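Geometric and topological summary
Listed below, chain by chain, are the residues.
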Amino acid sequence: MFRRNMMRLKIIGGSSSQALAERVARELGQSATKVDVRRFPDGEKYLRVLEDVKGQSAVIIQSMHPAPDEHLLEYFLLVDMLKDLGANKIIAFIPYFAYARQDTRFNPGEAVSFKTVTKLIEKTGTDELYTFDMHLHRVRDISEVFEIPAHNLSAFPLLADHIQRNIRLRNAIVIAPDEEAEQWARVCAQELKADYDVLKKRRVGDERVEIRPGAMNLTGRDVVMVDDIISTGGTIAEATRAALQLGANKVVIACTHPILAGNALAKIYAAGAETVIGTDTVPSAVSVVSVAPVIADQLRRLKC
Ligand code: R5P
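Attention in this report is confined to the structure presented alongside it. (Residues numbered from 1 in each chain as written. Predicted model: local features only at pLDDT ≥ 70, side-chain atom pairs only at ≥ 80, totals over all residues. Heavy atoms only, no water.)

Some remarks on the pairing of strand β10 (residues 200-203)
When β10 meets strand β11 (residues 209-212), the two strands line up antiparallel, connected through four bridges. Among the inter-strand pairings, arginine 202 is bridged to a residue of β11, identified as glutamate 210. Between the end of β10 and the start of β11, which pair antiparallel, lie five residues. (Pairing = 2+ DSSP bridges. Helix = DSSP H or I, 4+ residues; strand = E, 2+ residues; numbered from the N terminus.)

What about the pattern of salt bridges?
Going through the model one piece at a time under the given rule, you end up with 17 salt bridges. For glutamate 22, the salt bridge is made with lysine 34, and the minimal N-O distance between the two is 3.7 Å. Residue glutamate 22 is found in helix α2 (residues 18-27), and its partner lysine 34 is found in the loop between α2 and β2 (35-39); the two are separated by 12 residues along the sequence. On the accessibility criterion, glutamate 22 (33% relative accessible area) is partly exposed. Here the salt bridges do not stand alone but share partners, grouping Arg39, Lys45, Glu70 and Glu74 into one network. (Salt bridge = Lys/Arg side-chain N within 4 Å of Asp/Glu carboxyl O. Buried < 20%, exposed > 50% of the residue type's maximum accessible area, 1.4 Å probe, protein only.)

What about unusual backbone geometry?
The linkage connecting histidine 65 with the following residue, proline 66, adopts the cis geometry, with an omega of -5°. Positioned with a positive phi, alanine 67 is a non-glycine residue whose angle comes to about 50°. Of note, alanine 67 is situated in the loop between β4 (57-61) and α3 (68-84). A residue is classified by how much of its surface remains accessible, and alanine 67, at 33% relative accessible area, is partly exposed. Residues other than glycine seldom take positive phi values, yet tyrosine 99 does so here, at roughly 75°.

Notes on the site of the ligand
In the vicinity of the ligand lie 15 residues, with Asp227, Asp228, Ser231, Thr232 and Thr235 positioned nearest. For the ligand, an oxygen atom lies 3.0 Å from a polar atom in the side chain of arginine 101. A distance of 2.8 Å is found between an oxygen atom of the ligand and a backbone nitrogen or oxygen belonging to serine 231. Considering the ligand on its own, with 370 Å² of exposed area, one finds that the protein chains cover 94% of that surface. Secondary-structure elements contributing two or more residues to the shell around the ligand are β10, β12 (222-230) and α7 (234-245). Ranked by residue count, the leading element in the shell around the ligand is β12, at four residues. For the shell around the ligand, the residue count by class is two nonpolar, seven polar and six charged. (Near = heavy atom within 4 Å. Polar contact = N/O pair within 3.5 Å; in protein donor to acceptor, adjacent residues only side chain to side chain. Areas by Shrake-Rupley, 256 points an atom, 1.4 Å probe, with all protein chains shown as cover. Nonpolar A, V, L, I, M, F, W, Y, C, P; charged D, E, K, R; others polar.)

Re the packing of aromatic side chains
Scanning all chains against the criterion turns up six aromatic pairs. A centroid spacing of 6.1 Å and a plane angle of 65° characterise the contact between tyrosine 75 and phenylalanine 76, whose relative ring orientation is edge-to-face. Here tyrosine 75 matches phenylalanine 76 in class, with each residue buried. One aromatic cluster is present, formed by Phe97, Phe114 and Phe146 through successive ring pairs. (Phe/Tyr/Trp six-rings, centres within 6.5 Å; stacked < 30°, edge-to-face > 60°.)

Re the environment of isoleucine 295
Locating isoleucine 295 in the fold gives a position in helix α9 (residues 292-301). When its relative accessible area of 0% is taken as the criterion, isoleucine 295 is described as buried. Apart from the residues lying within four places of it in its own chain, the contact partners of isoleucine 295 are Leu20, Val24, Ile61, Phe93 and Phe132. (Contact = heavy atoms within 4.5 Å.)

Details of the sheet that holds strand β9 (residues 195-198)
Read from one edge to the other, the open sheet built from six strands follows the order β9-β8-β12-β13-β14-β15, with strand pairing classed as parallel. One side of each edge strand has no neighbouring strand; the edge strands of this open sheet are β9 and β15 (287-289). Strand after strand, the sheet turns through a mean of 35° between neighbouring axes, direction not considered. Of the pairings in the sheet, the one linking strand β8 (residues 172-176) to β12 comprises four bridges and is parallel in character. Paired with isoleucine 175 across the bridge in β12 is methionine 225. Against the sheet, α7 touches β12 and β13 (250-258), its axis set at about 165° to β12. (Axes fitted to C-alpha atoms, helices over the stretch in contact; angles between N-to-C directions.)

Section: a positive patch on the surface
On the surface, Arg105, Lys115, Lys119 and Lys123 cluster together into a positively charged patch. Relative accessible area serves as the criterion here: at 54%, lysine 115 is assigned to the exposed category. (Patch = residues over 30% accessible without salt bridge, like charges linked within 9 Å, V, L, I, M, F, W, Y side chains within 5 Å. Lys, Arg positive; Asp, Glu negative; His and termini not counted. Charge placed at Lys NZ, Arg CZ, Asp CG, Glu CD.)

Regarding the side chain of threonine 281
Along the chain, threonine 281 turns up in the loop between β14 (275-279) and β15. One polar contact links the side chain of threonine 281 to the main-chain carbonyl oxygen of threonine 256, over a distance of 3.1 Å. Discounting chain neighbours no more than four positions away, the residues touching threonine 281 are Ser63, Pro95, Tyr96, Phe132, Thr256, His257, Pro258 and Val291.

A word on the packing of α2 against α9
Across the interface, α2 lies against α9 with an axial gap of 9 Å and an inter-helix angle of 50°. Relative to α9, the element α2 is oriented oblique. In the packing of α2 onto α9, the handedness of the crossing is right-handed. Residues Leu20, Arg23, Val24 and Glu27 of α2 pack against Ala292, Pro293, Ile295, Ala296, Leu299 and Arg300 of α9. Residue classes in the contact of α2 with α9 are distributed as seven nonpolar, no polar and three charged. (Parallel < 35°, antiparallel > 145°, perpendicular 65-115°, else oblique. Left-handed = near helix turned anticlockwise from the far one by under 90°.)

In C-alpha cells form, the structure reads like this:
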C-alpha cells in the first residue's frame, strides 16, 4: 500500500533545488523526474518534462534563491505545465521562501510583495505548500497567510543534531540575536539540553544593526547562535561581536537559510565566529545539513 502511494509521486527539482530533489528522491528509493530546462536566445525559458505525469501527484522542489524572481517564474511555468499535462495534484516544497520579509507596508507606497507572491502561488494551481523556517513576524502561523494547506517545517532539530554530533561544546548556551529568533533558539536549546537567551536587536540600516545584551552571563560559555536567514551577515556578525565582548568562549553559528550575500561569510568570521553551518534550502559553502530527510518524511505521510 505504502509502495503504491509512493510510486505515484513524481519528484521534480526546479533549477535552484536539483541536488536537494535528487537527495529526497534517493531517500524515497526512486529517481527525480527529469525536466529539460533551457533558454531561448532571447532569454525566455523552455521547459519540458520527460516523463508522463498524467493522473499523478507532482512534488516540485524549488527554492527562491539565488535570483528569486527567476526561480519564482520557473516555478509558475512548472506548475502550469504539469497541470496542463494532467497531473492531479501539485505539492510544492519551497525550502527558502523569498519575499516573506516584505509582509507589510513599512513606508507609504510600498508593495506588500509577500501577499502578491502568495496570491500568485495559489492562483497558478499549487494544491499544498511546505517551506522551512519561514520569516513570519507579524503572523503566528503560515495558515494565516495561505488559503491552500500550508506548512512551515523547521530545520533546527537537524541543525542541533549536527552540532551535537560534530562540534565539541562546553557549558553551551544557545543565543537568539533578536526576539524573532527566540523560537529557533528554544528548539535548539531543547535538543542540545542547554539554556538559551535572547539579545536585543535594533536595525539601523539595510546592512547595519545594533545589538544589546540579554539577561544571562556569557562568561566562559560556548555560544550557539541561531537565526533563520543570514543575508548580509550584519545581524550575526554584530551579535557574535557582542557575545565575545560579553565573555563568551567561542561562537558557533547555525542558520536554516545561508544566503550569505556579498562578503557576509568573511564579515562573520572577521567578527570572531568559529564555525558557520546552514542547510541546503539554499546551497552554499556552509550548507552541511540536508533537509531532504524531513521532506521525505512528509512525503511518506501523504496519501496521494
Ligand atoms: C531578521 O529578523 C531575520 O531573522 C534575520 O536576522 C535577518 O534577515 C538577517 O539579515 P542580515 O544577515 O542581513 O542581517
